[in-house]
Amino acid sequence: MASLDDLKKRIASVKSTQKITKAMKMVAAAKLRRAQESAEKGRPYSEKMNNVILNLSNGISDKENAPKLLSGTGQEKTHLCVVMTSDRGLCGGFNSNIIKKAKSYFARILDEGKELKIITVGSKGNDQLKRVYGDKIIENISFKESKNANYFDADKVGKMVIEKFVAGEFDVCTIFYNQFKNVITQIPQAQQIIPLNNEGEENSSEESYEFEPDEDEILSNLLPKNISTQIFKAMLENSASEQGSRMSAMDNATRNAGEMVDKLTIEYNRSRQAAITKELIEIISGAESL
Amino acid sequence: MSEEFKVEIVNPEKSFLVKDDVSEVVVPAFEGEMGILKDHISIISFLKPGIIKILSKSGDENYYVEDGIVEFKNNNLSILTSTIFNLADMDKSKQQDLLKQAEEEANKTDINDQSKYLADQKVEVLKTLN
């Protein structure tokens, strides 16, 4: 059995860990509220953007010559995957869930004999992926300096993706992120952004629009923006998910630490009593033998 | 019959402005300024750098935008933009900052004609704000 001193030290160390996890939980809770708010505020923009593009692509006259960002390059040889994770750890299964989703997708792509390229956003994803897919990672971006997800950062990623697309480096682009449902549930998502996937979304309104200038020109202006918008949406969802995930992970950790302290305290008291009893017995039997 | 319609301006971060008593909106569309009144035909267009004027009963407002898309449908005007500033909040130093940025961009030599045109537009509009 551990000595009294050891037990005392362990109790103290678990208690201080508990303090840290408790503080982290509080911080995450405060940040979560803000992140959740901005995720919700950001939704109208991406929804409206999607709507406009849907209307446009339905109205487009010449499907053959549609912009490549919409219709694709006509082949599916090279896949680009943008895996978006956090820069910081201690957030439960947040990062591993995205990675798991991404890895199963990678395996499928490679099984089909297609080429795979990866861009990681956030250092945690890079850390986990580089062991297995190190040679596939072509770019690693991290926004450690930015406090909150902002459009400027998303635009940088978006522009990079488009540049690579224009240069013909890939045919299909998918982004991986966690969609925020509530504090305990985050759903890892794989969303294809190039070519734009509009299947299953029939345009209900038959209304025809007037376009100024013509559809093609608007589309070619709009599509690159849409890429950045989708990435920005993913970033917002991700940051809300990260905080939610961290909050529940830290809540669990705090509770577990509490249980551990209780258990250790009982053990400590037992061994203290045992020591006292032992000493008493020694004294009594010493007195008796006189 | 009222001659008012609804306008909504959204930027990526949030819904920037919602107003439902607007009588006229003038937007800097790509092919020239465009005034929108109630019962305008459904239209989609995109913006170049310029000033959005919103005329309404509760007062007129002016906004500076750098880019964006307008969609008008069923007397609902949606403006999607990534950079927008209320002119009422714009002070000298901010305007100078933006102007400097725009000039830098316009003086780049490695950009294509369209970006060059847009950057020139930015400079022009910002100068008129003086």
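Remember, it's a predicted structure, so these values are computed and weren't measured experimentally.

### Here's the deal with the nonpolar core
The nonpolar side chains of soluble globular proteins are, as a tendency, buried together. Judged by nonpolar contacts, the single largest core of 79 residues is most densely connected at Val-82, Val-83, Met-84, Cys-173, Phe-176 and Leu-222 of chain A. Counting residues per element, this core draws most heavily on helix α6 (residues 215-288) of chain A, which supplies 13 residues. Apart from the residues within four sequence positions on either side, Phe-176 of chain A is in contact with Cys-81, Val-82, Val-83, Met-84, Ile-98, Lys-101, Ala-102, Pro-188, Gln-189 and Ala-190 of chain A. Leu-98, Val-123, Val-125 and Leu-126 of chain B belong to the second-largest nonpolar core, a separate cluster that totals six residues.

### A closer look at the interface of chain A and chain B
Listed per partner, the contact involves 22 residues of chain A and 21 residues of chain B. Elements supplying a minimum of two residues to the side of chain A that touches chain B: α1 (4-59), β6 (210-212) and α6 of chain A. No other element matches α1 of chain A, which puts ten residues into the side of chain A that touches chain B. Here the side of chain A that touches chain B is built from residues that sort into twelve nonpolar, five polar and five charged. The pairing of β6 of chain A with strand β4 (residues 43-47) of chain B spans three bridges and is classified as parallel. When the bridges of β4 of chain B are listed, Glu-210 of chain A appears paired with Ile-43 of chain B.

### Here we look at the pairing of strand β5 (residues 50-56) of chain B
Residue and element names in this part refer to chain B. With four bridges connecting them, strand β2 (residues 15-29) and β5 associate as antiparallel partners. Each residue of the ladder has a partner; that of Val-22, found in β5, is Ser-56. Here β5 pairs with strand β6 (residues 61-65) via five bridges, running antiparallel. Across the sheet, Ile-51 pairs through a bridge with Tyr-64, a residue of β6.

### Thoughts on the environment of Asp-97 of chain B
For Asp-97 of chain B, the position within the fold is in helix α1 (residues 92-106). Separated by 38 residues in the primary sequence, Asp-97 of chain B and Gly-59 of chain B have C-alpha atoms spaced 28 Å apart.

### Quick word on the sheet that holds strand β1 (residues 78-84) of chain A
All names here are of chain A. The sheet built from five strands is open, its strands ordered β3-β2-β1-β4-β5 with mixed pairing. At either margin of the open sheet sits one strand with a lone partner, and together these are β3 (137-141) and β5 (186-194). With direction set aside, neighbouring strand axes in the sheet form an average angle of 20°. Relative to strand β2 (residues 115-121), β1 is paired through seven bridges, and the arrangement is parallel. Across the sheet, the residue bridging to Val-82 is Ile-119, located in β2.

### Focus on the packing of helix α3 (residues 94-111) of chain A against helix α4 (residues 123-133) of chain A
Packed helix pairs are specified by the crossing angle of their axes together with the interaxial distance, meaning the distance between the axes. Residue and element names in this part refer to chain A. Across the interface, α3 lies against α4 with an axial gap of 10 Å and an inter-helix angle of 35°. The crossing of α3 and α4 is right-handed. Residues Asn-95, Ile-98, Ile-99 and Phe-106 of α3 lie in contact with α4, whose contacting residues are Lys-124, Gly-125, Gln-128, Leu-129 and Tyr-133. Broken down by class, the residue content of the contact of α3 with α4 amounts to five nonpolar, three polar and one charged.

### Quick notes on the environment of Glu-288 of chain A
All names here are of chain A. Tracing the backbone shows Glu-288 in helix α6. The exposure class of Glu-288 is exposed, given the 7 C-beta atoms found within 10 Å. Residues Glu-288 and Ser-104, 184 residues apart in the sequence, show an inter-C-alpha distance of 76 Å.

### A closer look at helix α2 (residues 113-128) of chain B
Each turn of an α-helix holds 3.6 residues, which means side chains three or four residues apart point in the same direction. Over its 16 residues, α2 of chain B runs 23 Å from end to end, which matches the ideal 22 Å to within 8%, given 1.5 Å per residue. Taken residue by residue, α2 of chain B has Ala-119, Lys-122, Val-123, Val-125 and Leu-126 of chain B as its buried positions.

### Things to note about the domain arrangement of chain B
All names here are of chain B. Its domain assignment divides chain B into domain 1 (5-86) and domain 2 (91-128). Computed from C-alpha coordinates alone, the two centres of domain 1 and domain 2 are separated by 22 Å. The interface is formed by five residues belonging to domain 1 together with four residues belonging to domain 2. Of the residues in the side of domain 1 that touches domain 2, the class split is two nonpolar, one polar and two charged.

Criteria and thresholds
- Residues numbered from 1 in each chain as written.
- Chains lettered and ligands numbered in written order.
- Predicted model: local features only at pLDDT ≥ 70, side-chain atom pairs only at ≥ 80, totals over all residues.
- Core = buried A, V, L, I, M, F, W, Y, C linked by C-beta atoms within 7 Å.
- Buried ≥ 20, exposed ≤ 12 C-beta atoms within 10 Å, placed from the backbone.
- Helix = DSSP H or I, 4+ residues; strand = E, 2+ residues; numbered from the N terminus.
- Contact = placed C-beta atoms within 7 Å.
- Nonpolar A, V, L, I, M, F, W, Y, C, P; charged D, E, K, R; others polar.
- Pairing = 2+ DSSP bridges.
- Axes fitted to C-alpha atoms, helices over the stretch in contact; angles between N-to-C directions.
- Left-handed = near helix turned anticlockwise from the far one by under 90°.
- Expected span 1.5 Å × (residues − 1).
- Domains from an automatic or database assignment.

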